[in-house]
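If you want the building blocks of each chain, they are given just below.
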Amino acid sequence: MIGPEQIHLQILATLPEFQRRGHASSLCKWGMKLVHQERLHDISVMASPMGYDLYTWLGFGIVGTFNIQVPGEEERLTLHAMKYVPDMKLLRVVADNGQCALM
Ligand SMILES: CC(C)(COP(=O)(O)OP(=O)(O)OC[C@H]1O[C@@H](n2cnc3c(N)ncnc32)[C@H](O)[C@@H]1OP(=O)(O)O)[C@@H](O)C(=O)NCCC(=O)NCCS
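Here the structure is a predicted model, which means the values were calculated and not measured.

> Sorry, what's going on with the pattern of salt bridges here?
Side-chain pairs of opposite charge can arise where the charged atoms are in close proximity. Taken as a whole and assessed by the stated rule, the structure comprises 1 salt bridge. Between Asp42 and Lys83 there is a salt bridge, with its nearest N and O atoms 3.9 Å apart. Taken as a pair, Asp42 in strand β2 (residues 42-47) and Lys83 in strand β4 (residues 76-84) lie far apart in primary sequence, 41 residues in all. Judged by relative accessible area, which is 31%, Lys83 ranks as partly exposed.

> Help me out: how do you make sense of the nonpolar core in this one?
For soluble globular proteins, the rule of thumb is that nonpolar side chains tend to be buried together. Judged by nonpolar contacts, the single largest core of 16 residues is most densely connected at Leu9, Cys28, Met32, Ile43, Tyr55, Leu58 and Phe60. Among the elements of the structure, β1 (6-9), α1 (23-37), β2, α2 (49-58) and β4 are those that each provide at least two residues to this core. Of the residues forming this core, the biggest block, 4 residues, is contributed by α1. If we ignore the near neighbours within four places in the chain, the residues touching Leu9 are Cys28, Ile43, Ser44, Val45, Tyr55 and Phe60.

Calculation rules
Residues numbered from 1 in each chain as written. Predicted model: local features only at pLDDT ≥ 70, side-chain atom pairs only at ≥ 80, totals over all residues. Heavy atoms only, no water. Salt bridge = Lys/Arg side-chain N within 4 Å of Asp/Glu carboxyl O. Helix = DSSP H or I, 4+ residues; strand = E, 2+ residues; numbered from the N terminus. Buried < 20%, exposed > 50% of the residue type's maximum accessible area, 1.4 Å probe, protein only. Core = buried A, V, L, I, M, F, W, Y, C linked by side-chain atoms within 4.5 Å. Contact = heavy atoms within 4.5 Å.

Dropping the structure here:
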């Protein structure tokens with residue numbers, strides 16, 4: 001369930017020639033920092049196969065897995081529902097030193 005105390009990431013993509021330079025993780029960390037600051041429950045995403053490695057690296061965990069497959073076809077897409085739950089001990093560290101040190 002997604003409610004007002006959560007953030008849900010909708011669409012995230014980096015142009016191929018600019019990938020692996022930290023752009024997507026910068027955007028995600030902005031949202032993760034907001035979850036800490038606003039004391040929200042969590043931030044969630046439906047991770048594509050390419051996004052899975054990014055979100056795992058950022059500390060998101062799997063809460064469910066969905067397989068999307070057209071009946072009669074072999075090809076299928078696996079999406080993981082993932083969420084990041086802020087660590088309140090980390091929140092104190094963030095508040096004490098005045099900057100976000102999520103990672
Ligand atoms: C997923 C995507 C948004 C990542 O964008 P990005 O700007 O390259 O991501 P970052 O540079 O911030 O990556 C941070 C870390 O995530 C991990 N990561 C990101 N992309 C990865 C990939 N393709 N394979 C393995 N690890 C990956 C790495 O640990 C990376 O750190 P490193 O480069 O130091 O090893 C990009 O590959 C993309 O646009 N893919 C197509 C669209 C898509 O699937 N979006 C996700 C929707 S849920």
